[in-house]
Amino acid sequence: MYRDHTLIPSEAIRLLALGLLAEAPLQYADLAREVRHVTARLVGPSLDLIGAPLELLKVEGLVQTLEGQGTADNPQLMITDSGRQEIERLLGAGVRAASSDINKLILAIKLRFMHLLPRTAQALQADMLVEVAEKELTRLRDLLQSGSGAHSRLPAWLTLEIAQAEARLAWFRDLHDELQD
């Protein structure tokens, strides 16, 4: 993780793979295909986001091969208890503002598998997402109000970013409220 306890890209892929396996055992090729599909749709194709992390899951004991399932070169994989603990650790990590494709990928993966956490932990994640969105909105508004680039296209772009950040904040607040029930 980064120093601010947010996920690095390889941990996001680890979370994605473990989350998929927590829902159902998959053959290695199907797991790799699904991870590649999700990451390519959110950040574009990237070999950096697919290779080593999947192999490490087996080595680290987070997944195991189901005997008699699949083939030697395409085994059926199943999550282990250690893998489930790792999901909870990764889901509990912070999120940076969704300003980069990688941060959007991490956010999307966390939202995809948040249901694997106990409801109280889901509510804590929603609190954290509201806080991140509020900070992002504050930064953008501050930059707009500073008058930086007043005679350029920057203010118009910042206005667009602020509208998107406001919509994201409203969505996170709705999620927070839903989890408080």
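Structure first, text after, so check above.
In this report, we go over the structure that sits alongside the text. (Residues numbered from 1 in each chain as written. Predicted model: local features only at pLDDT ≥ 70, side-chain atom pairs only at ≥ 80, totals over all residues. Heavy atoms only, no water.)

## Focus on a negative patch on the surface
- Together, Asp174, Asp177, Glu178 and Asp181 line one region of the surface with negative charge.
- As for its position among the elements, Asp181 is in the segment after α7 (154-180).
- For Asp181, a relative accessible area of 76% gives the class exposed. (Patch = residues over 30% accessible without salt bridge, like charges linked within 9 Å, V, L, I, M, F, W, Y side chains within 5 Å. Areas by Shrake-Rupley, 256 points an atom, 1.4 Å probe, with all protein chains shown as cover. Salt bridge = Lys/Arg side-chain N within 4 Å of Asp/Glu carboxyl O. Lys, Arg positive; Asp, Glu negative; His and termini not counted. Charge placed at Lys NZ, Arg CZ, Asp CG, Glu CD. Helix = DSSP H or I, 4+ residues; strand = E, 2+ residues; numbered from the N terminus. Buried < 20%, exposed > 50% of the residue type's maximum accessible area, 1.4 Å probe, protein only.)

## Re the nonpolar core
- Residues Leu31, Val35 and Leu54 are the most contacted members of the largest nonpolar core, which totals 30 residues.
- Counting only elements with at least two residues in this core, the list comes to α1 (9-23), α2 (28-43), α3 (51-59), β3 (74-79), α4 (81-91) and α5 (101-113).
- Per-element tally for this core: the top contributor is α1, with nine residues.
- Within the second largest apolar cluster, 19 residues are counted, among which are Leu107, Met114, Leu140 and Leu169. (Core = buried A, V, L, I, M, F, W, Y, C linked by side-chain atoms within 4.5 Å.)

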